[in-house]
Amino acid sequence: MRVYLHEKKDQALTLSRILGLRRRTEYFVEHKDGSKAVWCNGHLLELADAAFYNAGYKRWTLADLPISPARYEFVVKRGCEQRLEAIRKILNSASEVVIATDYDREGELIGRTVLNYCGFKGQVKRLKVLSLDDESLKEGLRNLEDLSTTETLYQVAKARVYCDWDQGINLTRLYTCLGRKAGMNEYLSVGRVITPTAALVVDRDRAIASYQPYDFYNLRLTVDYKGQPFTVKWVPDETLKNAENKVTERYCAERVVALVKKYPLYVREYRSRIVKELPPLPFSQTSLQIYCGTNYGLKPSEVLSISQALYDSRHRMITYPRTACRYLPLNQHLNAAKTLDALARGDPSFAPLILQCDPRLKSRAFSDEQCGTHAHHAMIPNCGTQDLSRLSRSEYAVYDAIRRFYVAQFYLPAEYREVKAVLRCGDVEFTATARTLINQGYRVVFETVRDLKHKVIAYNRDPDAVEERDSEDEEINDKIPKLKEGDTVRLLNAEIVTKKTKAPKHFTPHALIAAMANISRSVTDKQLKKILVNSNGIGTEDTRAYIVDNLKKCGYVAQEGKILVSTAKARALVDAVPWELRSPELTAQREQSFESIKSGLLSEEAVVRESRRFTASIVAALSAPGEQNGVIAAFKAALPDIQKSHQERVCAKCGSVLLRL
């Protein structure tokens, strides 16, 4: 008998549409061909806690560190015992198992740990599907893979969880114990991802608190050419600017005003060209979270939950949502006409936009090269039935964004006429620019989009680019007259514009998600920067939303309205840990090791040994009482602020400060 092992119930029920449902129970479905499908409901097993290996570890002491089990053991998660036992009984009667979990590291770990725990010895195959539509499932069933094709995926998954266990268990205990020596009654979670993420918030808050705004100056001239006025901006010489590219001395601008009033302005260069604006790429999970947070105010965890619901059997309207990729394989283009037709049939009000599509167009989104390093392609609608009547308001908003970003791929780029003029007066340069839309192209897809408050929203920027543009960068001319090089223009007005610099903005949840994904910007080492770019920063599409939520649960950040602010507890921890623990470079080095496992240059065991050595070196450095003094002193210094922040979090009976767990 063949058994399909799924990650979620929805996947099993979807498969039964293809193979035919004969019987359904609480723990499995039976197909008409005699095969069965079981599901795990996520992780049924987890790495055992330290006390599993030694009961003495229930009490946290510095003397026990580092804790390094001879072999990492998986144990049943609380509440999952019955389901795992039911799966074990079904596997005992199986001759073949098809692992049908999500086709990524996490899915591979879930499937293989269950088979190993249950002691299955029969033949095992792998089902590779990136979408739960019928065609993708049929294709996957026709081309089941040998388990050896995902062996390195499994090795990397094990190495990752073992290394994170080693670091999390030991360093969390280390700093929690040191905190208690300083009088802190706090649980201090330390990990490869949570610590550098907390450091991001701490560093941003400190930059805001210490920021000293200052005046800077620019110069705008209003000029006339044959009765047609327009505005030009001064381009200061580099020697006049500070490190932030600002002119801070007003007299510099005043000297230029005196110059242009005395001498003529002439046209040095005039250029008119057509520029194309390509449609935005389809969504990854992170870019979807950023986009929906910016436009709809949805939390990252809400977007993750909604997109998962859109994928699962209740809706089955999109492809796999927990993807880090924003590109599509070329073979997906073969389904374009079918998918567009399904979108038109599912929503008649959307059909006019589909009629204007050209399914023959291949945008930059279709790229096997860009998809090559990813287990899943970008999120797009699937080509099955699209029943919008079952969607909640938030589900509709998320789904609508996904489908529009897909449909935009089958429109021509938007086209602008860009005009740029360069003027000079002596050795001083000025520029004027204007941009006029001459062909909407893909932008028509977003013309009538409305958010949850029924206000028109702008879709014309990439969701990964969350930073706001400075108003100085905006175009200030609707139109520039056609100029001739060498001609002079008449000065009408010269205005010195005084502005104040602004401090960085506090993180919002979706802005913090973006910072985690783009953390390579804070790394100077070129090789490590490249690794972080290729691995999409710290955290994963699966975990970033939960990490942001966990920062709140651990007491490292507090949400004030829309923004996140660091707590005294987070600041104390960030100051206490060595640079290696608060830096994203550790993740880059770890990802480099994982790539070496995939390429066969390193074994899983070698990577775990190196992780243990790193953890042990930190424990050893803080083993001597003298070496601990600096950390304890930092914690003691932060104690008044931590206690102050807990004033409202006390025991109702005795009034003592509660321990945050």
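Bear in mind the structure is a predicted one, so any value in this text is a computation, not a measurement. (Residues numbered from 1 in each chain as written. Predicted model: local features only at pLDDT ≥ 70, side-chain atom pairs only at ≥ 80, totals over all residues. Heavy atoms only, no water.)

K.L.:
Explain the overall build of the protein to me, please; I cannot follow it from the model alone.
P.N.:
The helix and strand inventory of the protein stands at 22 helices and 17 strands. In terms of its C-alpha atoms, the protein occupies a principal-axis envelope of roughly 95 × 70 × 55 Å. Going through the 661 residues of the protein one by one, you find that 53% of them count as buried. The contacts in the protein between residues at least 6 apart in sequence include a share of 78% that link residues at least 24 apart. With an accessible surface of roughly 31300 Å², the protein has 49% of that area assigned to carbon and sulfur atoms. The centroid of the 99 positive side-chain charges in the protein is displaced by 2 Å from the centroid of its 82 negative side-chain charges. (Helix = DSSP H or I, 4+ residues; strand = E, 2+ residues; numbered from the N terminus. Buried < 20%, exposed > 50% of the residue type's maximum accessible area, 1.4 Å probe, protein only. Contact = heavy atoms within 4.5 Å. Areas by Shrake-Rupley, 256 points an atom, 1.4 Å probe, with all protein chains shown as cover. Lys, Arg positive; Asp, Glu negative; His and termini not counted. Charge placed at Lys NZ, Arg CZ, Asp CG, Glu CD.)

K.L.:
Quick question: what am I supposed to make of the state of the cysteines here?
P.N.:
Working definition of a disulfide: a covalent bond connecting the sulfur atoms of two cysteines. In this structure the tally under the stated criterion is zero disulfides. C118 provides the cysteine sulfur closest to C40, a residue in no disulfide bond, and the two sulfurs are 8.7 Å apart. (Disulfide = S-S within 2.5 Å.)

K.L.:
Can you help me understand the sheet that holds strand β7 (residues 96–99) in this one?
P.N.:
If you walk across this open sheet you meet the seven strands as β2-β3-β4-β1-β7-β8-β9, and the pairing is mixed. Where the open sheet ends on each side, the last strands, each with one partner, are β2 (21–24) and β9 (145–146). Across the face of the sheet, helix α3 (residues 81–92) comes into contact with β1 (2–6), β3 (28–31), β4 (36–39) and β7 while running at roughly 155° to β4. With respect to the sheet, helix α4 (residues 105–118) is in contact with β1, β7 and β8 (123–126), its orientation differing from that of β7 by roughly 160°. (Pairing = 2+ DSSP bridges. Axes fitted to C-alpha atoms, helices over the stretch in contact; angles between N-to-C directions.)

K.L.:
Please explain helix α20 (residues 585–599) as it appears in this structure.
P.N.:
In an α-helix, one turn spans 3.6 residues; hence positions three or four apart end up facing the same way. Taking 1.5 Å of rise per residue, the 15 residues of α20 would be expected to cover 21 Å, and the 21 Å separating its terminal C-alpha atoms lies within 8% of that figure. Within α20 the residues assigned to the buried category are L586, T587, A588, R590, E591, S593, F594, S596 and I597. Next to the buried residues of α20 lie α4, α6 (151–181), α16 (526–534), α19 (579–582) and α21 (604–621). A positive backbone phi angle near 85° is found at G600, which sits one or two residues after α20. (Expected span 1.5 Å × (residues − 1).)

K.L.:
How should I be thinking about the nonpolar core in this particular structure?
P.N.:
As a rule of thumb, soluble globular proteins bury nonpolar side chains together. Of all hydrophobic cores here, the largest spans 99 residues; its most connected members are L174, Y175, Y556 and F635. The biggest single contributor to this core is α6, with 13 residues. Not counting residues within four places of it along the chain, the set of residues in contact with Y556 comprises Y187, L188, S189, I194, A198, L551, V565, S566, T567, K569, A570 and L573. Grouped together as the second largest cluster of nonpolar side chains are 47 residues, V303, F405, Y411 and A414 included. (Core = buried A, V, L, I, M, F, W, Y, C linked by side-chain atoms within 4.5 Å.)

K.L.:
What am I meant to see in the packing of α6 against helix α22 (residues 625–645) here?
P.N.:
Relative orientation and spacing of two packed helices are given, respectively, by the angle between their axes and the distance between those axes. Where α6 meets α22, the axes come as close as 8 Å, and the angle between the chain directions of the two elements is 65°. Between α6 and α22, the crossing angle belongs to the class labelled roughly perpendicular. Judged by the twist between their axes, the crossing of α6 over α22 is right-handed. Residues Y175, L178, G179 and K181 of α6 form the contact with α22, whose own contacting residues are Q628, V631, I632, F635 and K636. Residues that form the contact of α6 with α22 fall into these classes: five nonpolar, two polar and two charged. (Parallel < 35°, antiparallel > 145°, perpendicular 65-115°, else oblique. Left-handed = near helix turned anticlockwise from the far one by under 90°. Nonpolar A, V, L, I, M, F, W, Y, C, P; charged D, E, K, R; others polar.)

K.L.:
When you look at the packing of aromatic side chains in this model, what are you seeing that I'm missing?
P.N.:
For any two aromatic rings, the description comes down to two numbers: the centre-to-centre distance and the angle of the planes. One pass over the full model with this rule turns up 13 aromatic pairs. Judged by centre distance (5.3 Å) and plane angle (85°), the rings of F52 and Y53 are edge-to-face. Residue classification places Y53 among the partly exposed residues on the basis of a relative accessible area of 26%. Seen in terms of ring centroids, F366 and F410 are 5.9 Å apart; in terms of plane orientation they differ by 50°. Their pairing is tilted. On the criterion of sequence distance, the pair formed by F366 in the loop between α12 (351–355) and α13 (368–371) and F410 in the loop between α14 (393–407) and β13 (414–425) is long-range, its members being 44 residues apart. By the burial criterion, F366 is buried, and F410 matches it. The structure contains a cluster of three or more aromatic residues connected by ring pairs, namely F52, Y53, Y72, Y162 and W165. (Phe/Tyr/Trp six-rings, centres within 6.5 Å; stacked < 30°, edge-to-face > 60°.)

K.L.:
Whenever I open this one, the sheet that holds β13 confuses me. Can you help?
P.N.:
Note: strands within a sheet are paired through backbone hydrogen bonds, in either parallel or antiparallel orientation. Pairing within the closed barrel is antiparallel, and its six strands lie in the order β10-β11-β14-β13-β12-β15. Ignoring strand direction, the axes of neighbouring strands in this sheet form an average angle of 35°. Of the strands in this sheet, β10 (215–225), β11 (228–235), β12 (265–277), β13, β14 (428–439) and β15 (488–500) are in contact with helix α8 (residues 250–262), which crosses β15 at around 170°.

K.L.:
Got a minute to help me understand the environment of L528 in this structure?
P.N.:
Among the secondary structure elements, L528 is positioned in helix α16. Its relative accessible area of 9% is what places L528 among the buried residues. Residues L528 and V275 lie 253 residues apart in sequence; the distance between their C-alpha atoms is 35 Å. Leave out the neighbours within four places in its chain, and L528 touches V523, E585, A588 and Q589.

K.L.:
Is there a simple way to explain the pattern of salt bridges in this structure?
P.N.:
A side chain of one charge can pair with a side chain of the opposite charge if their charged atoms are brought near each other. Under the defined criterion, the tally for this structure stands at 39 salt bridges. Ionic pairing is found between R403 and D347, a salt bridge with its closest N-O pair at 3.0 Å. Of this pair, R403 sits in helix α14 while D347 is found in the loop between α11 (336–346) and α12, placing the two residues 56 residues apart along the sequence. Here the salt bridges do not stand alone but share partners, grouping E106, R160, D164, R192 and R590 into one network. (Salt bridge = Lys/Arg side-chain N within 4 Å of Asp/Glu carboxyl O.)

K.L.:
How do you make sense of the packing of α6 against α21 when you look at a structure like this?
P.N.:
Between α6 and α21, the least distance of the axes is 9 Å, while the angle of their chain directions is 10°. As far as their axial angle goes, α21 and α6 are roughly parallel. Where α6 approaches α21, its residues Q155, K158, A159, Y162, C163, D166, Q167, N170, L171, L174 and Y175 are matched on the opposing element by E604, V607, V608, S611, R612, F614, T615, I618 and V619.

K.L.:
Sorry, what's going on with the side chain of T286 here?
P.N.:
Along the chain, T286 falls in helix α9 (residues 285–296). Apart from the residues within four sequence positions on either side, T286 is in contact with I513, A517, E541 and R544.

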